[in-house]
Every structure is written in structure tokens, then in C-alpha cells.
Amino acid sequence: MADPLDLTGRVGVVTGASRGIGAAIADTLARHGMDLVLNAGASGETLAELAQTLTAQHGVRVDTVSGDVSDPATSADLARQAFGQHRRLDVWVNNAGILLDGLIGMTPTADIERTLAVNLAGTLHGTQAASRLMARSGGGSIVNMTSIIGQVGMSGHMAYGASKAGVIGATLSAAKELAPKGIRVNAVAPGLIDTGLVAHVPPEKLEARAASIRMGRIGDPQDVANAVLFLVSDLSRYITGQVLGVDGGMALTS
């Protein structure tokens, strides 16, 4: 029986792949044999180093495309690279995102626009580019990164929560529209994960949030990467339009 986690011969795009959750996803997919096209914004040198490491460790082909996902040209470039090198696309992970805090009435307009542009519009651009190419390849799996905040909200995160809630709406709509084409669309909703996005959180607040996690620990990027692996593999071949929480039983109450 074939290994349902064997991704050899498949091609995937991962945005926001230079660090944190994105880097863990890239490593996990490469470890299971997938060739990759990776994206990051201003960290082109870091992205190139990651690509070289993944190729050396896992023997897969890894190409890179630097660019801001809020610009639709970046998604077009990623799809073009995948098709140019492999003539196919099986997986697209819309992972790139930013977190800009701000209380209501005090959040700069620029922060609101930037958050929506990267987190929500970037996901829409990626989904459109992926669906066009996947339809030519006979189907595929799109995974969008949302957040527990997009599901239940949190004080001080109106713009971020709105952007991630929008990702859920986009996921559900795309799943219905693309299913007849053999394209599955799902979302992963991390809770508190140990990445650079939480590095700015004051220790006392971080401790309070960690205390709300029923499993007693902050999540690791690999926890999220494992969920993505499941959603892009044949183990989930009959799953679409779902939001998979990866939060350790976290409850946000503020």
C-alpha cells in the first residue's frame, strides 16, 4: 500500500516561508518529498539559505520568489515559477501574514490597510493564482492560515481578527466553488504559537495567555506544520471547506 504521506513528485508553494510557521511547513513538506517554490517578503537572503538547506537535507528542488503577497504580481510569479519548472502545481499554502496590534479608535489607518492587504487580500491573490494552475493539473490542495482570533476575536486585535475571519470566509467560499475541479480548500487556525509574532507580547500577558491553554503549553511551529501536512496529503483527500484548530484547547477570554 502506498504511503499517503509520501509527497514525492508533487509541487507546492508556501508563502511567508522564511521563518516561523512557514519555515516549519516548508521543511515538513520537503522532508516528505515535495518540490517547492518558496516566498518571503524582504528576506530574500534568508529564503535562499533555507532553500539550499532543504535541498541538501531532503534532496528536493526548491525555488524562491521574493515579493509582497499583497501585490497580486507576487502570486502570479509564484505560479509562473511552479509551472515553468514543473508544469504542475499540487499544493499552495497561504501562510504569509502580519500582526499589528491596536485598540479601537487608536489603530492607524495605515495599519488597518496593511493588515487587510497582507493577511486577507494576499490569501485571495494566492487562491486565485493557485486555482488557475491546479485546474490545469487535475486538482490540488490549498491551505489558508487563519487564527483562533479570527474565530473568537480578541481585544486589541480588531484589524487582525477581521483579516483572519475574512480568511475563513474566503476558505469556505473557495471550497464550494473549486470542489468540482478537484481542488480542496481548507484552513488552519493556530492558537498561541512560539514564533516571532508573539515575541513582542509582554511576559505577563504571554504567561496569562499560556495559562488559558488546556494542554498546558504554548504551541510549536511544527504542530501547525503537521496539520498542514495532513491537509495536503492523501489522508485528507475527502476533506474540504474545514477550519482545523491547532491551539491545544486554548480559550481566548479577553
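Located above this text is the structure these notes cover.
Position labels on residues start from 1 in each chain and follow its written sequence. Thresholds applied to this predicted model are a pLDDT of at least 70 for local features of residues and 80 or more for the giving and counting of side-chain atom pairs; totals over whole chains, interfaces and linings are not thresholded and use all residues. Only hydrogens and water are removed before side-chain values are computed, so all heavy atoms of the structure are retained for them.

Caption draft 1: A look at unusual backbone geometry. The backbone of R87 shows a phi angle near 60 degrees, a positive value even though the residue is not glycine. By definition, any uninterrupted DSSP run of H or I lasting at least four residues is a helix, any uninterrupted run of E lasting at least two residues is a strand, and each is numbered from the N terminus. Position of R87 among the secondary structure elements: in the loop between α3 (72-86) and β4 (91-94).

Caption draft 2: Representation of the side chain of S163. Inspection of the secondary structure puts S163 in helix α6 (residues 158-178). Contact between two residues is taken to exist if any of their heavy atoms lie within 4.5 Å; hydrogens are not considered. For S163, the residues in contact, after removing those within four places along its chain, are T115, L116, N119 and L120.

Caption draft 3: The environment of D111, seen in detail. Inspection of the secondary structure assignment puts D111 in helix α4 (residues 109-137). Exposure remark for D111: the relative accessible area of 24% places this residue in the partly exposed category. Residue burial is assigned from relative accessible area. The probe radius is 1.4 Å, only protein chains are included, and a residue is buried under 20% of its type maximum, exposed over 50%, and partly exposed in between.

Caption draft 4: Main features of the packing of aromatic side chains. Ring pairs shown here join Phe, Tyr and Trp side chains whose ring centres sit within 6.5 Å, with only the six-membered ring taken for Trp; geometry is labelled stacked below 30 degrees between planes, edge-to-face above 60, and tilted in between. Counted by the stated rule, this structure contains zero aromatic pairs. Two conditions define a charge located above a ring, namely a distance within 6 Å from the ring centre to NZ of Lys or CZ of Arg, and an angle within 35 degrees of the ring normal. Directly above the ring of F83 sits R87, whose terminal nitrogen or CZ lies 4.7 Å from the centroid. The ring centre of F83 lies 4.6 Å from the NZ or CZ of R136, which sits over that ring.

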